[in-house]
Amino acid sequence: MINPQRLTDTFLDLVRIDSPSLQEKAVADHLCALLSGRGYDIHVDDAGGKIGGDTGNVIVRVPATGPGEAMAFSAHMDCVPPCLGVEPAIADGVIRAAGNTVLGGDDKAGIAAILEALFHLEEEKIPHPELYLLFTVCEEAGMFGAKNLDFSRIKAREVVVLDAGGDVGTIIVRAPSKAGISVTFHGRSAHAGIEPEKGVSAIQLAAHAVSRMRLLRIDEETVANLGRIEGGGQTNIVPDCVTLTGEARSQTSAKLLAQIEHMRLCCVKAVEELGGSFDFSHEISYPAMEVPADSMLLHRALHACNDQGLTCAVKGTGGGSDANIFAGQGLSCINLGIGMSRVHTTDEFILVEDMVRAAKLTASLMQR
């Protein structure tokens, strides 16, 4: 049986370990120590060195005890700030942070559910195929751990990620591609009181361009946002440089590229009318994830939810996760809701009961 007390203790131990992005070594060491001596192949890859972190991804290969093709289960080790000195508190079956920090259920609840599911199968001697546990670094900062994961060590072609909010039974099958966008407008400085007509205001250029842009909700698949504006200086100087930073997301690659080009053309119009120049750049941060309706992994997940008496909710999300990266590698992938709520805030919480449900669902999937 799933052991609720052990599951809770595992989770509490994890959230007490500081692990902001790029500083996950203490969690990685904890997991390696916890899993050592069980006959697993435990490897820490070199992703940390590639991204400036203090550790790489923890890749655990669990030998098969029964038939079936290999499967992988993944959760990330890092948390968003404020995540230092987390002290969890339990009241009426609800776990929260006692202080002014996030709890870290995103995604240490996912790690705990994976571990408890595996321990349950082994104790009950329930057969399972070869399993891979993928505990990644730096997901919150841009999925850099998954992007640099040593995929040569992973023989599984199916990955179950435990990193979604919502009730246990939620199955995320769609997530958009994201592009980061940066625009720098170059005007011409001049004394704003004596000869402002000789200047070209970079702030005015930016305002002119932004006023033409379609932003926020574009359609059912596409969004765009400008999140930061930087530049300018003294009020008596016409500003000569302003930088806008933003992003666009879409489930469809063509729509994403069309939105990026639309934003660039708005900048073109601004400099044509007011003068000056601009530099425009974008970078695709991660690909879209789209699980086909006939996916065998999806169908097994639906059956597992039904077997556990869970209400299934197959849906999409506007955010990205390691699942996007795995999908981009050609792997069949789903992202499961594990009951965590109000993530990325100091009001974050999770129910012990939901962690137990997530562990049971994970154990069911591990059996194929």
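Numbering of residues begins from 1 in every chain and follows the order in which that chain's sequence is written. Per-residue local features are limited, in this predicted model, to residues with pLDDT of at least 70; the limit for side-chain atom pairs, both in listing and counting, is 80 or more; totals at the level of whole chains, interfaces and linings are taken over all residues. Hydrogens and water are ignored here; the side-chain numbers use all heavy atoms of the structure.

Asks: Describe the nonpolar core, with residues and values.
Replies: Throughout this description, the term nonpolar core refers to a set of buried Ala, Val, Leu, Ile, Met, Phe, Trp, Tyr and Cys residues connected via side-chain atoms within 4.5 Å. Residue burial is assigned from relative accessible area. The probe radius is 1.4 Å, only protein chains are included, and a residue is buried under 20% of its type maximum, exposed over 50%, and partly exposed in between. Grouped together as the largest cluster of nonpolar side chains are 87 residues, with contacts concentrated most on Phe11, Phe135 and Phe326. The numbering of helices and of strands both runs from the N terminus, where a helix is a DSSP run of H or I of at least 4 residues and a strand a run of E of at least 2. Looking at which element gives the most residues to this core, the answer is helix H4 (residues 105-123), with 10 residues. We call two residues contacting when some pair of their heavy atoms lies within 4.5 Å. In contact with phenylalanine 11, not counting residues within four places along its chain, are Ile95, Leu103, Gly104, Gly105, Lys108, Ala109, Ala112, Ile350 and Met355. Within the second largest apolar cluster, 24 residues are counted, among which are Ala179, Met213, Ala224 and Val268.

Asks: Any details on helix H1 (residues 4-15)? Residues and values, ideally.
Replies: Expected span, for any helix, means 1.5 Å times one less than how many residues it has. Taking 1.5 Å of rise per residue, 12 residues should cover 16 Å, and H1 covers 17 Å from first to last C-alpha, within 8% of that figure. Along H1, the positions that sit buried rather than exposed are Leu7, Thr8, Thr10, Phe11, Leu12, Leu14 and Val15. Residues of H1 that are buried sit in contact with helix H2 (25-35), strand E4 (88-91), strand E5 (94-97), H4, strand E17 (349-351) and helix H10 (352-366). Regarding H1, its N-cap is asparagine 3, as a side-chain oxygen of that residue lies 3.1 Å from the backbone nitrogen of glutamine 5 further along. Pairs of N or O atoms are called polar contacts if they sit within 3.5 Å, as long as, within protein, a hydrogen donor faces a hydrogen acceptor (for residues adjacent in sequence, only side-chain-to-side-chain pairs).

Asks: Just give me the short version of the sheet that holds E17, but keep the residues and values in it.
Replies: In sheet architecture, strand pairing relies on hydrogen bonds along the backbone and comes in two forms, parallel and antiparallel. The antiparallel open sheet is built from 3 strands, whose spatial order is E4-E5-E17. Edge strands, defined here as strands with exactly one partner in the open sheet, are E4 and E17. Shown here is a sheet whose adjacent strand axes are inclined to one another by a mean of 25°, direction ignored. A pair of strands counts as paired when DSSP detects no fewer than two bridges linking them. Pairing of E4 with E5, which is carried by 4 bridges, proceeds in the antiparallel orientation. Bridge pairing in E5 links proline 88 to alanine 97. Helix axes are fitted only over the stretch in contact, all axes being lines through C-alpha atoms; the angle between N-to-C directions runs from 0 to 180 degrees. Strand contacts of H10: E5 and E17, with the helix running at about 65° to E17, the strand carrying the most contacts.

Asks: Please give an account of unusual backbone geometry that cites residues and values.
Replies: Between proline 81 and proline 82 the backbone carries a cis peptide bond, its omega angle lying at 0°. Residue position: proline 82 is located in the loop between strand E3 (71-76) and E4. Cis rather than trans, the peptide bond between aspartate 106 and aspartate 107 has omega equal to 15°. Of note, lysine 125 is a non-glycine position whose phi angle comes to about 55°, a positive value. Structurally, lysine 125 is set in the loop between H4 and strand E6 (131-136). A relative accessible area of 72% means that lysine 125 is categorised as exposed.

Asks: Run through the pairing of strand E9 (residues 177-186), naming residues and quoting values.
Replies: As judged from the 10 bridges shared by E9 and strand E12 (residues 241-250), these two strands associate in the antiparallel manner. Bridged to serine 177 within E12 is serine 250. In terms of strand pairing, E9 meets strand E13 (residues 277-286) through 9 bridges, oriented antiparallel. Bridging across to E13, alanine 179 finds its partner in isoleucine 284.

Asks: Outline the side chain of arginine 300, listing residues and values.
Replies: Within the fold, arginine 300 resides in helix H8 (residues 296-307). Since its relative accessible area comes to 18%, arginine 300 is described here as buried. In contact with arginine 300, not counting residues within four places along its chain, are Met71, Glu158, Leu365 and Arg368.

Asks: Account for the packing of H2 against H4, with residues named and values stated.
Replies: Across the interface, H2 lies against H4 with an axial gap of 13 Å and an inter-helix angle of 5°. As the angle between them shows, H2 and H4 are arranged roughly parallel. Facing H2, whose interface residues are Val27, Leu31, Leu34 and Leu35, H4 presents Lys108, Ile111, Leu115 and Phe119. Throughout, the term roughly parallel applies to angles under 35 degrees, roughly antiparallel to angles over 145, roughly perpendicular to angles from 65 to 115, and oblique to all others.

Asks: Describe the layout of surface pockets, and please don't skip the residues or the numbers.
Replies: Definitions used for this entry: grid spacing 1 Å over protein atoms alone; cavity, a set of points where a 1.4 Å probe fits but cannot get out; pocket, an open set with protein on both sides within 12 Å along at least 5 of 7 lines; lining residue, one with an atom within 4 Å of a point. Grid points are joined across faces, edges and corners, and a volume is the space filled by probe spheres set on the points. Quantified by volume, the largest pocket comes out at close to 610 Å³. What lines the largest pocket is a set of 31 residues, and nearest its centre among them are Glu139, Met143, Gly319, Gly320 and Ser321. Counting only elements with at least two residues in the lining of the largest pocket, the list comes to helix H5 (144-147), strand E7 (158-164), strand E8 (170-175), E9, E13 and helix H9 (322-328). At 4 residues, E13 tops the list of elements feeding residues into the lining of the largest pocket.

Asks: Tell me about the packing of H1 against H10, and name the residues and values.
Replies: The geometry of a pair of packed helices is captured by two quantities: the angle between their axes and the separation between those axes. Where H1 meets H10, the axes come as close as 10 Å, and the angle between the chain directions of the two elements is 105°. The angle between the axes of H1 and H10 places the two elements in the roughly perpendicular class. In this structure, H1 contributes Pro4, Leu7, Thr8 and Phe11 to the contact, and H10 contributes Val352, Met355, Val356 and Ala359. The residue inventory of the contact of H1 with H10, partitioned by class, reads 7 nonpolar, 1 polar and no charged. Ten residues, namely Ala, Val, Leu, Ile, Met, Phe, Trp, Tyr, Cys and Pro, are considered nonpolar, four, namely Asp, Glu, Lys and Arg, are considered charged, and the remaining ones, Gly among them, are considered polar.

Asks: If you had to explain the environment of alanine 313 to someone new, which residues and values would you point to?
Replies: As for its placement among the helices and strands, alanine 313 is situated in strand E15 (residues 313-316). Accessibility expressed as a relative area gives 24% for alanine 313, which makes it partly exposed. The sequence separation of alanine 313 and valine 168 amounts to 145 residues, and the corresponding C-alpha distance is 9.0 Å. Contacts of alanine 313, omitting those with residues within four sequence positions, involve Gly169, Thr170 and Ile171.

In short, shape yes, function no, at least from these values alone.
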